[in-house]
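What the coordinates show
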Amino acid sequence: MTSTPSAPSPDSSAGSHEPLALPLDDADWRRQLTPDEYRVLRQAGTEAPFTGEYWDATTEGVYCCRACGLELFRSHAKFNAHCGWPSFFAPLAEDRVEYIKDVSLGMERVEVRCSRCHSHMGHVFAGEGYETPTDLRYCINSISLRLVEHGDAQE
Ligand SMILES: [Zn+2]
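Cut-offs used in this document
- Residues numbered from 1 in each chain as written.
- Predicted model: local features only at pLDDT ≥ 70, side-chain atom pairs only at ≥ 80, totals over all residues.
- Helix = DSSP H or I, 4+ residues; strand = E, 2+ residues; numbered from the N terminus.
- Buried ≥ 20, exposed ≤ 12 C-beta atoms within 10 Å, placed from the backbone.
- Contact = placed C-beta atoms within 7 Å.
- Pairing = 2+ DSSP bridges.
- Core = buried A, V, L, I, M, F, W, Y, C linked by C-beta atoms within 7 Å.

The subject of this paragraph is the overall build of the protein chain. Scanning the protein chain from N- to C-terminus turns up two helices and nine strands. If you list the helices and strands of the protein chain from N to C, you get α-α-β-β-β-β-β-β-β-β-β. Residue burial in the protein chain is summarised as follows: out of 155 residues, 28% are buried. Sequence-distant contacts in the protein chain: of pairs separated by 6 or more residues, those separated by 24 or more amount to 56%.

The next thing to look at is the environment of Pro86. With respect to the element layout, Pro86 can be found in the loop between strand 3 (78–79) and strand 4 (87–88). Judged by C-beta crowding, with 28 C-beta atoms within 10 Å, Pro86 ranks as buried. Each C-alpha atom of the pair Pro86 and Asp56 lies 6.9 Å from the other, and the pair is 30 residues apart in sequence. Those residues in contact with Pro86 that lie beyond four places of it in its chain are Gly52, Tyr54, Trp55, Lys78, Ile140, Ser142 and Leu145.

Attention now goes to unusual backbone geometry. Although it is not a glycine, Phe50 adopts a positive phi angle of roughly 60°. Relative to the elements of secondary structure, Phe50 occurs in the loop between helix 2 (35–41) and strand 1 (61–65). For Phe50, a count of 11 C-beta atoms within 10 Å corresponds to the exposed category. One non-glycine residue, Leu105, lies in positive phi territory at about 60°.

Take the pairing of strand 2 (residues 71–74) next. Two strands pair when backbone bridges link them, and strand 1 and strand 2 are joined in this way by three bridges, in the antiparallel orientation. Looking across to strand 2, one finds that Cys64 is bridged to Glu71.

Time to look at the sheet that holds strand 5 (residues 97–102). Within the open sheet, the six strands sit side by side as 3-4-8-7-6-5. Their pairing is antiparallel. One side of each edge strand has no neighbouring strand; the edge strands of this open sheet are strand 3 and strand 5. Bridging between strand 5 and strand 6 (residues 109–114) involves six bridges; their strand directions are antiparallel. Among the inter-strand pairings, Ile100 is bridged to a residue of strand 6, identified as Glu111.

Looking at the secondary structure, you find His120 in strand 7 (residues 120–126). Classification of His120 by C-beta neighbours within 10 Å gives buried; the count is 23. Taking the C-alpha atoms as reference points, His120 and Ser144, 24 residues apart in sequence, are found 7.2 Å from one another. If near-sequence neighbours (up to four positions away) are discounted, His120 is found in contact with Val40, Leu41, Ala44, Glu111, Arg113 and Ser144.

Attention now goes to the nonpolar core. Counting residues in hydrophobic clusters, the biggest one holds 26 residues, and the most contacted among them are Leu72, Cys114, Tyr138 and Ile140. Elements represented by at least two residues in this core include exactly helix 2, strand 1, strand 2, strand 6, strand 7, strand 8 (136–140) and strand 9 (145–149). If one sorts the elements of this core by residue count, strand 8 sits on top with four residues. Filtering out sequence-adjacent residues up to four positions away, Ile140 remains in contact with Trp85, Pro86, Phe88, Val112, Met121, Gly122 and Leu145.

What follows is about the pairing of strand 1. Of the pairings in the sheet, the one linking strand 1 to strand 9 comprises five bridges and is antiparallel in character. Note on strand 9: the bridge partner recorded for Val62 is Val148. In textbook terms, the turn of a hairpin is the stretch between consecutive antiparallel strands, and for strand 1 and strand 2 this stretch comprises five residues, one of which, Gly69, has a positive phi near 90°.

Encoded structure:
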């Protein structure tokens, strides 16, 4: 019968963009994430196309890792690839993501993960002919991201 009082601490100001503390183990991740988030972020699942909240979003802002809050992609690198997932032609910085060869499903793809918490983001595809500066398509699950919109204060 231990009940932990969970009054919000006055220091934790809402809207802070500080990175979240990383969970220590798998049980921690399960507590912190919803089942759908857990399946994609920690088990490299894929959300159904055209269902995520960001695939056609054009709002300006920064897309952060939903698991740990690291800033991963900027909205100005997002383009409409008509594939049903948010697509970016470049990460915010190369050190924000890590690349892992993925040979599941009988094809060779490059998996993209968050470099801080190693959560699954999606895959990156090259040379598809999109008219972007890099001709790369970072095909990322909406549920792996959280959009932090640019405030009106920014002029
Ligand atoms: Zn992360």
